[in-house]
Amino acid sequence: MSAAKAARAEQTLYLIRHADAGDPSEWIGPDSERPLSGKGVKQVARLAATMLAAETRLDVIRHSPARRCTETATVLSAVLEVEAIADDRLLDGPPLAQLSRMFDQKEISRLALVGHEPNLSRLLNELTGHADLVVEKGALIRIDLPTGVSAGSGRLVTIAPPSLFRAPKDER
């Protein structure tokens, strides 16, 4: 087996939808500048703490340049001690070919994408062969890609909705 195929066999993708950013109809200004809400800040802090406790290791986080995605990625980056890079392809994608190129850069095998709906769900469904999965705000999805990036090649390992990261009742 070639080194490229061996590396490809170990690819793991994490899809993370930005945390809660409030009601878009109540935001005045460009949607790209809409920040996380107070609820969203708490969501991403709990998500980051959970990922740290689970010893999640990432090579890089790529995120949409929209403010709510940048804020989500910044918290994850700080807690998990990994680089976060703004990537315009996450404004409306990425398609599978671009995702494959993201893994090819710097021998990346554990990639997290922080983005938007419906783009993340479209990618999730295309990779896993499902037709109706949706990525909630603040959710974490793990997909293993044992044969690399291609339609139907992904094995869905984890769907962690934001309710899983809810603070204990005495802390709410």
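Our structure's up above, just so we're on the same page.
**Some points on the overall build of the protein chain**
Within the protein chain, the secondary structure is distributed over five helices and six strands. Each helix and strand of the protein chain, placed in order from N terminus to C terminus, yields the pattern α-β-α-β-α-β-α-β-α-β-β. Taken along its principal axes, the extent of the C-alpha atoms in the protein chain is 50 × 35 × 30 Å. In the protein chain, which comprises 172 residues, the proportion classed as buried is 45%. When contacts within the protein chain are restricted to residue pairs at least 6 apart in sequence, long-range pairs at least 24 apart make up 65% of them.

**Notes on the pattern of salt bridges**
In this structure the tally under the stated criterion is eight salt bridges. The closest approach of N and O atoms between R155 and D144, which form a salt bridge, is 3.0 Å. Taken together, the residues R155 in strand β6 (residues 155-160) and D144 in strand β5 (residues 140-145) connect sequence positions 11 residues apart. With relative accessibility at 11%, the residue D144 sits in the buried group. When salt bridges that share partners are traced, they join D31, R34 and R68 into one network.

**Quick notes on unusual backbone geometry**
A cis geometry characterises the amide bond from G93 onward to P94, with omega recorded as 15°. Considering the arrangement of structural elements, one finds P94 in the loop between β3 (84-86) and α4 (96-104). With an omega dihedral of 5°, the bond running from E117 to P118 counts as a cis peptide bond. Secondary-structure assignment places P118 in the loop between β4 (110-115) and α5 (119-128). Positive phi values are uncommon outside glycine, yet E55 reaches one of about 55°. With respect to the helices and strands, the residue E55 is situated in the loop between α2 (38-53) and β2 (60-63). A positive phi angle is found at E81, which is not glycine, with a value near 55°. Within the fold, E81 resides in the loop between α3 (67-80) and β3.

**Side note on the sheet that holds β3**
The strand order β3-β2-β4-β1-β5-β6 describes an open sheet built from six strands, whose pairing is mixed. Each edge of the sheet is formed by a strand with only one pairing partner; in this case those strands are β3 and β6. Sheet twist, expressed as the average angle between the axes of neighbouring strands with direction ignored, equals 20°. Along the sheet, α3 makes contact with β1 (11-17), β2, β3 and β4, crossing β2 at roughly 170°. Packing against the sheet, α4 makes contact with β1, β2, β4 and β5, and its axis sits at approximately 135° to β4.

**Here we look at the nonpolar core**
Formed by 22 residues in total, the largest nonpolar core has its most connected members in L13, L15, L99, L111, L113 and L127. Elements supplying a minimum of two residues to this core: β1, α4, β4, α5 and β5. Apart from the residues within four sequence positions on either side, L15 is in contact with L113, L120, L123, L124, A139, L140, I141 and I143. A48, A73, V82 and L140 belong to the second-largest nonpolar core, a separate cluster that totals 20 residues.

**Regarding the pairing of β4**
For β4, the buried fraction is high: five of the six residues fall into the buried class. Bridge analysis of β1 against β4 gives six bridges, and the strand direction is parallel. Note that in β4 the partner of R17 across the bridge is G115. Pairing of β2 with β4 involves four bridges; the strand directions are parallel. Bridge pairing links I61 to A112 in β4.

Analysis parameters
Along each chain, residues carry numbers from 1 onward, in the same order as the chain's sequence is written. A pLDDT threshold of at least 70 governs which residues receive local features in this predicted model, and a stricter bar of 80 or more applies before side-chain atom pairs are shown or counted, although totals over entire chains, interfaces and linings include all residues. Side-chain measures here rest on the full set of heavy atoms in the structure, leaving out hydrogens and waters. In this text, helices come from DSSP runs of H or I with a minimum length of four residues, and strands from runs of E with a minimum of two, each type numbered from the N-terminal end. The classification of residues rests on relative accessible area computed with a 1.4 Å probe and restricted to protein chains. Under 20% of the type maximum is buried, over 50% is exposed, and intermediate values are partly exposed. By the convention used here, residues are in contact when the closest approach between their heavy atoms is within 4.5 Å. We define a salt bridge as a contact between a side-chain nitrogen of Lys or Arg and a carboxyl oxygen of Asp or Glu at a distance within 4 Å. DSSP calls a pair of strands paired once it identifies at least 2 bridges connecting them. The convention used is that axes are lines fitted to C-alpha atoms, helices contributing only their stretch in contact, and that angles between N-to-C directions extend from 0 to 180 degrees. Here, nonpolar core refers to any group of buried Ala, Val, Leu, Ile, Met, Phe, Trp, Tyr and Cys residues whose side-chain atoms link them within 4.5 Å.

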